Amino acid sequence: MKVELTVNGESRLTEVEPRKSLLDCLRDNFNLNGAHAGCEHGVCGACTVLVDGQPVRSCLMFAVQADGYAITTIEGLTPAPGELSVIQDAFCETHGMQCGYCTPAMVLTAHALLQRNAAPTREEIVESISGNICRCTGYGQIVEAIALAADRLSRANAPQGGAVR
Amino acid sequence: MTVQTKPPAPASATDDWAFAKFGIGQPVPRTEDPVLVQGQGRYTDDLQLPGQAHAVVVRSTHAHGVIRGIDTAAARAMPGVLGIYTAADLAAYGTLKCGVPLKNRDGSEMKKPLRPALAGDKVRFVGDPVAIVVAETLLQAKDAAEAVGVTIDPLPAVTLASAAAKPGAPQLFEDVPGNVALDYHYGDSEKVAAAFAQAAHVTKLSMRNTRLIVAAMEPRSAVGVYDKAREHWTLHSASQGVFGLKGQLVDILKAPPEKVRILTGHVGGSFGMKATVYPEYVGILHASRMLGRPVKWTDDRSGSFVSDHHGRDHEVTGELALDKDGHFLAVRLTSFANMGAFLATVGPLAGTLNAVKNVASVYRTPLLEVSAKCMFTNTTHVSAYRGAGRPEGNYYMERLIDAAATEMGLDRLALRRKNHIRPSQIPYSASSGMTYDSGDFPAIFKEAIDKADIKGFAARKRDSRKRGKLRGLGIGCYLEVTAPPNKEMGGIRFEPNGDVTIITGTLDYGQGHAAPFAQVLSAQLGIPFHRIRLLQGDSDELIAGGGTGGSRSITASGAAIVEASAKVIEQGKAIASHVLEASASDIEFDKGRFVIAGTDRAIGIMELAEKIRGGLQLPAGEPQSLDVKHASESVPSAFPNGCHVAEVEIDPDTGVVEVVTYSSVNDFGNLINPLLVEGQVHGGVLQGIGQALMENVCYDSDGQILSGSFMDYAMPRAHHAPPIGFVSHPVPAKTNPLGTKGCGEAGCAGALTSVMNAIVDALSVYGIRHIDMPASPARVWTAIQAAKQGAA
């Protein structure tokens, strides 16, 4: 059946079987390979995308269910070609990734966190990524990356009266 | 941040001019990260080749049984189905092989049953592949796979290695009596027995080293492409090095080496698991040959739990003999090692040779004996998992030491100090047959004890008790024998666009080799860091390659790059002599420039490369380029070591264990890139904590896996990770040019020992002497209740 999905701000019409997951649709139909299949049962978080700004397991959502929502994938997070977001940059700086397979989902999850909480505590950062499994890093440098990004974003926002704790 | 890194000792005389920012020892961020962080990594499943068909594997749902029939008729008639292949279709190919050359204690050969890619007569574990279904789309292939009817007459199954050794146990192979693949022995039994007989004290512990799921986040995936016109095979697949994988595949396909190519892109973690040929690869390559189209297969996680090899799974009785003063006299391990239903490529290694090499650790242990029975069982095959015998060996030793200290009423710190090998005794010939070239174990121990503030532990313990928690402190010293010897390639190629490519046969599956290898090359040749690329995943480019494993990459590839750089300099001098119009013997290489000795006339290496690209005419018989294809001889093993200290809090009402503090002092020799080394330690430590606290593969009595998803198999998450203190205390290795030792597996070794020792320390108030991994809430709570009842 036909669905019209809004992905990274762009409306896209495509044909899917009703049983096709949003994850498979993003990867197969739109060639957006940044969302990764890690477990297909909603436990590892590697397939996380943002649906109306909230982290969602794209392996547990059918593509047809996503009709009408704003979907953001990792490909939609980069501010401009050749540029990284503050969060992406922080992940690179702190060595917040190793194999990189869980990384797009971690970055999107962190993005959603910092959208709703500009100055999270360490515990809040840990809680926010508790649904995302990383087998490589031991998480320490991921937490450090998110804290660094939060710090930089709050500084950048400070002159405009942004939330600084 | 808890990071402290000492500046490394100079790696070589060239250090003083290495570019400050990208030099050896600098925490240079990885060059691949901007790609990965944007989701632009190219993992195998991201490949979409034109005309690609999709494969799904039909697996046995029985742990043991005789195949009576495979009915594919209904499945063949389903929409989109292109082909279904069973064992009979693959009969012409070779079998998967075990490459471990060990022998039985009586000198006879070990039993290595042949493993065809698909099971034909019998199935031997849940997940044993019996058919491959190929269809136009993945969903069509999945539908058809469900329609394949496999009739199996079930047989009794056995999943525990010690149970498989008992009389009357189910037999997996007709020609392997008693299920014993290998009856391994190391050491002088008589001398060891005499030492135990004379000992003032003998400590004995039964220890189970848990079976683990490797659980790389990227499931295995492969695309097979057969080109009929060229009679040529290409396999796109994750790996830990394409050279070795190609060798295995050439053997199975019975094809000339030049007709087989392996291509590996980004790899989403491996930890030992993706190193070898798996049955699915043979199946899809065959299907591609039959169909004339590329065929892709990607595992789902449920498949991964049974198809990826598992790790660990040893049942060990460890014994330590001590004299009256606490000097170690001998250590003896007697064990069963579970091989699963087949021998993986290096399956028997962890429980045998690697246990021998690593159990002696940093201690003077004059005598050593290891007896290990490697057993077939109706389970997924078992092979290398982060450490592959290294963390296991260290774990047995450290648990024995703590138990001995308790039994003898000795201080556990003093007991370790008493037995540490002293710097003055190095080079030290260990009872494992290894010769330690370097190390300062007492100094590292002292630093670790200081960093962990052990003096303040009593106060912290009181504070925990006020909050109703038991607190324990554990020490885990380790020494690992890394860098299993193998040739390695050091290729250096000056590209048309001015870049310089390093070509080597190790393979980064998350470690981040590109930056540190470039740091090494930059330091050797003065090539700007940002012009250096790494090529690792194309077998057509390699003339050698030992792959990544055993913490060998920086040591093996590092040495290969250093040696290749010397050849570049040699060739460069000859070429520069024509440009500078001087004799080659008068030219020196200094700080990236070829200089006529005693003059200011010089040409930089990048400038010289540009002149060659521009068509510099060179006489015949002289080098025509700066390019080098070098294969280094084996670099000797190295001996990274250190001491980790963990503190845990246990809630006695629930049995929940939390690792509350963690610090480590490590000797990895010279660090090329401390940022990445710290990442390796963090990851290794959390994998160790995972094994210590929660990870465990369970089977029922029929051989069904009960922990077959991330819902049932606990994985460490962010809240399980304590802040991990990392200190580098380098004592450079003397056996390789960069003085490195390897760091990839050490975290596991330090964490298993320190965390489990801390848990036993906390539980010692109940008189508990030992608890097996994983120290899950149920197990800890049960142990506490049993101890209370025993005391009542």
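Residues numbered from 1 in each chain as written. Chains lettered and ligands numbered in written order. Predicted model: local features only at pLDDT ≥ 70, side-chain atom pairs only at ≥ 80, totals over all residues. Heavy atoms only, no water.

A. Region of interest: the overall build of chain B. Counting its secondary structure elements, chain B contains 19 helices and 30 strands. A compact globule built from 792 residues would reach a C-alpha radius of gyration of about 28 Å, and chain B, at 28 Å, matches this within 12%. Its C-alpha atoms give chain B principal-axis dimensions of roughly 90 × 70 × 50 Å. Evaluated residue by residue, chain B yields a buried proportion of 64% over its 792 residues. (Helix = DSSP H or I, 4+ residues; strand = E, 2+ residues; numbered from the N terminus. Rg over C-alpha atoms; globule rule 2.2 N^0.38 Å. Buried < 20%, exposed > 50% of the residue type's maximum accessible area, 1.4 Å probe, protein only.)

B. Local environment of the nonpolar core. Counting residues in each nonpolar core, the largest one holds 214 residues, and the members touching the most others are Phe91 of chain A together with Tyr436, Ile475, Leu693, Phe710, Val755 and Ile759 of chain B. Of the residues forming this core, the biggest block, 11 residues, is contributed by helix H18 (residues 746-763) of chain B. Here Leu693 of chain B is in contact with Val657, Val659, Val755, Ile759, Pro774, Ala775 and Ser776 of chain B, once residues within four sequence places are set aside. Core analysis: the second largest hydrophobic core is formed by 40 residues, Leu608, Leu626, Val628 and Leu738 of chain B among them. (Core = buried A, V, L, I, M, F, W, Y, C linked by side-chain atoms within 4.5 Å. Contact = heavy atoms within 4.5 Å.)

C. Layout of helix H15 (residues 553-579) of chain B. Residue and element names in this part refer to chain B. Along its 27 residues, H15 runs 37 Å from first to last C-alpha, staying within 8% of the 39 Å computed at 1.5 Å per residue. Counting buried positions along H15 gives 20 out of 27 residues, so the element sits mostly inside the fold. Glu581 lies just past H15 and shows a positive phi near 55°. (Expected span 1.5 Å × (residues − 1).)

D. Local environment of the packing of H15 of chain B against helix H16 (residues 605-613) of chain B. All names here are of chain B. Running from N to C, H15 and H16 point in directions that differ by 65°, and their axes come no closer than 11 Å. Comparing the axis directions of H15 and H16 gives the class roughly perpendicular. Between H15 and H16 the crossing geometry is left-handed. Only Ile605, Leu608, Lys611 and Ile612 of H16 make contact with H15, whose side of the interface consists of Val568, Gly572, Ile575, Ala576 and Val579. Each residue belonging to the contact of H15 with H16 can be placed in one class, and the counts come to 7 nonpolar, 1 polar and 1 charged. (Axes fitted to C-alpha atoms, helices over the stretch in contact; angles between N-to-C directions. Parallel < 35°, antiparallel > 145°, perpendicular 65-115°, else oblique. Left-handed = near helix turned anticlockwise from the far one by under 90°. Nonpolar A, V, L, I, M, F, W, Y, C, P; charged D, E, K, R; others polar.)

E. Molecular detail of the sheet that holds strand S22 (residues 500-503) of chain B. Residue and element names in this part refer to chain B. Ordered in space as S23-S22-S21-S27, the 4 strands form an open sheet in which the pairing is mixed. Lying at the two open borders of the sheet, with one neighbouring strand each, are strand S23 (532-535) and strand S27 (628-632). Between one strand axis and the next, the sheet turns by 20° as a mean value, whatever way the strands run. One ladder, built from 4 bridges, connects strand S21 (residues 488-494) with S22; its direction is antiparallel. (Pairing = 2+ DSSP bridges.)

F. The arrangement of the pattern of salt bridges in detail. Residues and elements named next belong to chain B. Throughout the structure, instances matching the rule amount to 51 salt bridges over all chains. Lys97 is paired through a salt bridge with Asp251; the nearest N and O atoms lie 2.7 Å apart. Separated by 154 residues along the polypeptide, Lys97 in the loop between strand S4 (81-86) and strand S5 (122-123) and Asp251 in helix H6 (residues 242-253) bring together distant segments of the chain. Judged by relative accessible area, which is 44%, Lys97 ranks as partly exposed. (Salt bridge = Lys/Arg side-chain N within 4 Å of Asp/Glu carboxyl O.)

G. How the structure looks around the interface of chain B and chain A. In this assembly, 53 residues from chain B lie in contact with 48 residues from chain A. Carbon and sulfur atoms supply 57% of the area buried between chain B and chain A, which totals about 4,100 Å² over both sides. Broken down residue by residue, the surface that chain B buries against chain A is led by Val37, Met217 and Arg717 of chain B, which jointly contribute 18%. Joining chain B to chain A, the criterion identifies 4 salt bridges. (Buried area = accessible area lost by both parts, 1.4 Å probe.)

H. Local environment of the pairing of strand S13 (residues 295-298) of chain B. Residue and element names in this part refer to chain B. In this sheet, S13 lies alongside strand S2 (residues 53-59) in parallel orientation, the contact comprising 3 bridges. Considered in S13, the bridge of Ala55 is made with Trp297. Two strands pair when backbone bridges link them, and strand S10 (residues 221-227) and S13 are joined in this way by 4 bridges, in the antiparallel orientation. Residue pairing across strands places Val223 opposite Lys296, the latter belonging to S13.

I. Representation of the sheet that holds strand S2 (residues 10-15) of chain A. Residues and elements named next belong to chain A. Strand order in the open sheet formed by 5 strands is S2-S1-S5-S3-S4, with mixed pairing between adjacent strands. Each of the sheet's edge strands pairs with one partner strand only, and the pair in question is S2 and strand S4 (54-57). Strand-to-strand, the axes of this sheet are offset by a mean angle of 40°, without reference to chain direction. Sitting on the sheet, helix H3 (residues 103-116) touches strand S3 (48-51), S4 and strand S5 (70-72), and the angle it makes with S3 is about 35°.

J. Spotlight on the domain arrangement of chain A. All names here are of chain A. With domains assigned, chain A is organised as domain 1 (2-76) and domain 2 (86-156). Relative to domain 2, the C-alpha centre of domain 1 lies at a distance of 21 Å. A buried area of about 1,100 Å², summed over both sides, lies between domain 1 and domain 2, and 64% of it is on carbon and sulfur atoms. Counting every contact that joins domain 1 to domain 2 gives 0 salt bridges. Our count for the domain 1 to domain 2 interface comes out at 5 residue pairs in polar contact (both at pLDDT 80 or more). For the side of domain 1 that touches domain 2, the secondary-structure elements that each account for two or more residues are S3 and S4. For the side of domain 1 that touches domain 2, the element with the most residues is S3, which contributes 3 residues. Residue classes in the side of domain 1 that touches domain 2 are distributed as 8 nonpolar, 8 polar and 1 charged. (Domains from an automatic or database assignment. Polar contact = N/O pair within 3.5 Å; in protein donor to acceptor, adjacent residues only side chain to side chain.)

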